Amino acid sequence: MYYPKIKQKAIDLRTKGYSYSHIIKQTKVAKSTLSDWLQDIPFTPNKYTIETIGNARVASGKYKHQIRVKSLERAKLQAEKDIKSLSKRDIMMLGLGVYIGEGSKTAGITRISNSDPKIIKLTMEWLEVSFGVKNNQFKIRLHLYPDNNEKESVKYWSKHTGVPENQFFKSTIDKRIDKKFNNKSKLPFGTAHLGIKGFGDEKYGVYLHRLIMAWINRVLC
């Protein structure tokens, strides 16, 4: 996940008719990421692009872009037809799949970590629908690097998850000497670790983790 301003800069440059190679130089973003960001942006090369890469390459690029746009639109329509609305069981299995990949499997702690707010939000919906967890039970601890702004990061995650700021624990700042500190462009708001407050209710404590692990074992057996 890149800083939002970098994504907006890439979109602005593409809208103005610049090529991927030029945008990569300006943003330091991988081409695969740009493809995800800019796949729906109409491409009309500007004078600089034409002079830099030539008419033939511009024409080829426009043709490939049109094919990609049509393919993406067809895929979106197919997805809408295939999935439609999600049932309670759909959410249960989808959330379980996310937990298998991103959730804590040890220490009897129900926790999931991710840098994408959509994944955290999906997990919250899963816990609400499948286990009856309430919003005031969610707690978040952020894992940040020295170049992250903790206050901005908490506001960002609170806004995108709906978890109030007073339900955030003090963030963990990763200062290990073997880690690179210039992670702001890739993880501008760090990684969120979502957990649950049981408020003394056993079913939201260690039993919840045991139930989730039982589900996982049932699915993977």
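Structure first, text after, so check above.
Now for a quick tour of the structure. All chains use their own residue numbering, which begins from 1 and follows the written sequence. Owing to the predicted nature of the model, reporting of local features is limited to residues with pLDDT of at least 70; listing and counting of side-chain atom pairs is limited to 80 or more, with chain, interface and lining totals taken over all residues. With hydrogens and water stripped out, all remaining heavy atoms of the structure feed into the side-chain values.

Looking at unusual backbone geometry
- Even without a glycine there, the phi angle at lysine 84 is positive, about 55°.
- Strands are runs of DSSP state E lasting at least 2 residues, helices are runs of H or I lasting at least 4, and numbering of each runs from the N terminus. Its location among the elements puts lysine 84 in the loop between α5 (55-83) and α6 (88-102).
- According to the relative accessible area criterion, lysine 84 is exposed, its value standing at 67%. When a residue's accessible area, from a 1.4 Å probe over protein chains only, is under 20% of the maximum for its type it is buried; when over 50% it is exposed; and in between it is partly exposed.

Remarks on the packing of helix α7 (residues 117-131) against helix α9 (residues 206-220)
- Where α7 meets α9, the closest approach of the two axes is 13 Å, and the angle between their N-to-C directions is 95°. As the angle between them shows, α7 and α9 are arranged roughly perpendicular. The segment α7 lies against α9, with Trp126, Ser130 and Phe131 engaging Leu208, Leu211, Ile212 and Trp215. Note on definitions: angles span 0 to 180 degrees between N-to-C directions of axes, and those axes are lines fitted to C-alpha atoms, for helices only across the stretch in contact. Note that the term roughly parallel is reserved for angles under 35 degrees, roughly antiparallel for angles over 145, roughly perpendicular for angles of 65 to 115, and oblique for everything else. The contact rule is simple, with two residues in contact once any of their heavy atoms fall within 4.5 Å.

Topic: the environment of isoleucine 11
- Residue placement: isoleucine 11 occurs in helix α1 (residues 4-15).
- Judged by relative accessible area, which is 19%, isoleucine 11 ranks as buried.
- Residues isoleucine 11 and serine 85, spaced 74 residues apart in sequence, show a C-alpha to C-alpha distance of 31 Å.
- Other than its neighbours up to four places away in sequence, isoleucine 11 contacts Leu38 and Ile41.

Things to note about the pattern of salt bridges
- Salt bridges are defined as contacts in which a side-chain nitrogen from Lys or Arg sits within 4 Å of a carboxyl oxygen from Asp or Glu. The final tally for this structure, using the stated rule, is one salt bridge.
- Its salt-bridge partner being lysine 76, residue aspartate 40 comes within 3.1 Å of it at the nearest N-O pair. Of this pair, aspartate 40 sits in the loop between α3 (31-38) and α4 (47-53) while lysine 76 sits in helix α5; the two residues are 36 residues apart in sequence, bridging distant segments of the chain.
- Overall, the relative accessible area of 43% leaves aspartate 40 in the partly exposed class.
- By relative accessible area, lysine 76 is classed as partly exposed at 36%.

What about the nonpolar core?
- Throughout, nonpolar core names a set of buried Ala, Val, Leu, Ile, Met, Phe, Trp, Tyr and Cys residues whose side chains join them through atoms within 4.5 Å. Trp126, Leu127, Phe138, Leu142, Trp157, Leu194 and Ile212 are the most contacted members of the largest nonpolar core, which totals 31 residues.
- Elements that contribute at least two residues to this core include exactly α6, α7, β2 (138-144), α8 (150-161), β4 (191-196) and α9.
- With six residues, the single largest contributor to this core is α7.
- When residues no more than four places from it in sequence are discounted, the contact partners of leucine 142 are Ser153, Val154, Trp157, Phe168, Ser171, Thr172, Thr191 and Ala192.
- Core analysis: the next-biggest nonpolar cluster, separate from the first, contains eleven residues, Ala10, Ile11, Tyr20 and Leu34 among them.

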